[in-house]
Amino acid sequence: MLDVAGTELSAADRELLQHPAVGGVILFARNYQNPAQLAALTAAIRAVREPHLLVAVDQEGGRVQRFREGFQRLPPAGYYAALYQQSPAAAQHAAQCMGWLMASELQAVGVDFSFAPVLDLDRGLNRVIGDRAFGQDTPTVMALTGAWMQGARLAGMVSVGKHFPGHGGVTADSHEALPCDERPWETLWAEDIAPFGHLIAQGLEAVMPSHVVYPCVDDAPAGFSPRWLQAILRGQMGFQGAIFSDALDMAAAAAAGDFVGRAKAALAAGCDQLLMCNNRAAAVAVVEALADYRDTAAQARLARLYSRHFMPLHHAQQQPTWAEAEAVLAQFAADTASGMTLAYDPTTRGGTVL
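Let us look at the structure shown here. (Residues numbered from 1 in each chain as written. Predicted model: local features only at pLDDT ≥ 70, side-chain atom pairs only at ≥ 80, totals over all residues. Heavy atoms only, no water.)

Details of the sheet that holds strand 5 (residues 113-114)
- The strand order 1-2-5 describes an open sheet built from three strands, whose pairing is parallel. Each edge of the open sheet is held by one strand with a lone partner, namely strand 1 (24-27) and strand 5.
- Note that strand 2 (residues 54-57) and strand 5 share two bridges and pair parallel. Bridge pairing links Ala56 to Phe113 in strand 5. (Pairing = 2+ DSSP bridges. Helix = DSSP H or I, 4+ residues; strand = E, 2+ residues; numbered from the N terminus.)

See the structure below:
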């Protein structure tokens, strides 16, 4: 899964996207001007080949929302966590409505899915997670992410849980360094992995592993570890969906070698599709190195991620859930204006956030 530079496809983009090793496009804020332009861009991407390339984006809400002007501004996940302390039922309803709204708006402009929800726990350690997490404790995260996934599913969109087996227990940012989580297996299993198991039991369609090392299991980062992805995620946990690597241009991914080495290591570990963003020369090198690679099982898993609900937005706006979603947004605005305190550090950051 590659990126493109601008708001429309260039001739070089079209040529690269026709390569047999390319399976999708991830979009960023630089690819967006307005909904009409975005719909034209995704249509152009789908027209490149058949079956069409998957089109994805990070549209979590809060500080990680690529498309803003012309879209509803979604609350950060930490808002639902704060609301959950007051009313679990209201928080789950809000999360479900926002999952539905996110999915409805994206599908209306031709995007197949968002890389969401974040299943990490906010332990107050990792700023790159922070308010992207749905809570500080396992039961809250399970309840709220389950509601979010159900909302997206009601709109016809799959969900991608990240960052398996949990990124909240380290201080380092894997975009900049290789984090190491020294906690024992028993703690990871009972606390951080449990939200993944909860959503897998509900049919979670895809997972993105972390670029974090957990020495209690393996010396390799989870996204490059057959033990994590094949023995534990697929074997022990019974996950049958698609596995996406986290971005291979992140600093932590360098533990697996150069870009081609990272790609091959991620595939060998069990990833079905690789994220290769913001480095066109490296992307070309990777797809050329994988020109003859085929995995029919992976292709079948990825084929289940296509949206079949590319309906105009006015169809969604006629649904009762749209009014419910607007009520949630109005309450969020009121809570924000009143100074509602959230249990996270809302420090913002730039760059690629997957």
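Now, onward.
Quick notes on the pattern of salt bridges
- Enumeration over the complete set of coordinates arrives at 14 salt bridges.
- Across the salt bridge formed by Arg123 and Glu191, the nearest N and O atoms sit 2.7 Å from each other. Of this pair, Arg123 sits in the loop between strand 5 and helix 5 (138-154) while Glu191 is found in helix 6 (residues 185-192), placing the two residues 68 residues apart along the sequence.
- Here Arg123 falls in the partly exposed class, since its relative accessible area comes to 28%.
- In this structure, Arg183 engages Asp181 in a salt bridge whose closest nitrogen and oxygen atoms are separated by 2.8 Å. Both residues of the pair, Arg183 and Asp181, belong to the buried class.
- Salt bridges sharing partners connect three or more residues here, namely Asp58, Glu60, Arg66, Arg132 and Lys162. (Salt bridge = Lys/Arg side-chain N within 4 Å of Asp/Glu carboxyl O. Buried < 20%, exposed > 50% of the residue type's maximum accessible area, 1.4 Å probe, protein only.)

Describing helix 2 (residues 35-47)
- Between its terminal C-alpha atoms helix 2 stretches 18 Å, which fits the 18 Å expected from 13 residues at 1.5 Å a residue.
- Among all positions in helix 2, only Gln37, Leu38, Leu41, Thr42, Ala44 and Ile45 are buried. Buried residues in helix 2, looked at end-on, bunch into an arc of 155°, giving them a common side. Helix 2 presents Ala36 and Ala47 as exposed residues on the side facing more than 90 degrees away from its buried surface.
- Contacts from the buried residues of helix 2 go to helix 1 (11-17), strand 1 and strand 2.
- Two or three places before Ala36, at the start of helix 2, stands the capping residue Asn34, its side-chain oxygen 3.2 Å from that residue's backbone nitrogen. (Expected span 1.5 Å × (residues − 1). Arc of directions from axis to C-beta. Contact = heavy atoms within 4.5 Å. Polar contact = N/O pair within 3.5 Å; in protein donor to acceptor, adjacent residues only side chain to side chain.)

Regarding the packing of aromatic side chains
- All told, the structure shown has 17 aromatic pairs when counted by the stated rule.
- With a centroid separation of 5.3 Å and 85° between ring planes, the pair formed by Phe113 and Phe115 is classed as edge-to-face. Of the two residues, Phe113 and Phe115, both sit in the buried class.
- Cluster of aromatic residues (ring-pair linked, three or more members): Phe164, Trp185, Trp189, Phe196, Tyr214 and Trp228.
- Its end group placed over the ring of Phe310, Arg46 keeps NZ or CZ at 4.7 Å from the ring centre.
- Taking the ring centre of Phe259 as reference, the NZ or CZ of Arg262 above it sits at 4.3 Å. (Phe/Tyr/Trp six-rings, centres within 6.5 Å; stacked < 30°, edge-to-face > 60°. Lys NZ or Arg CZ within 6 Å of the ring centre and 35° of its normal.)

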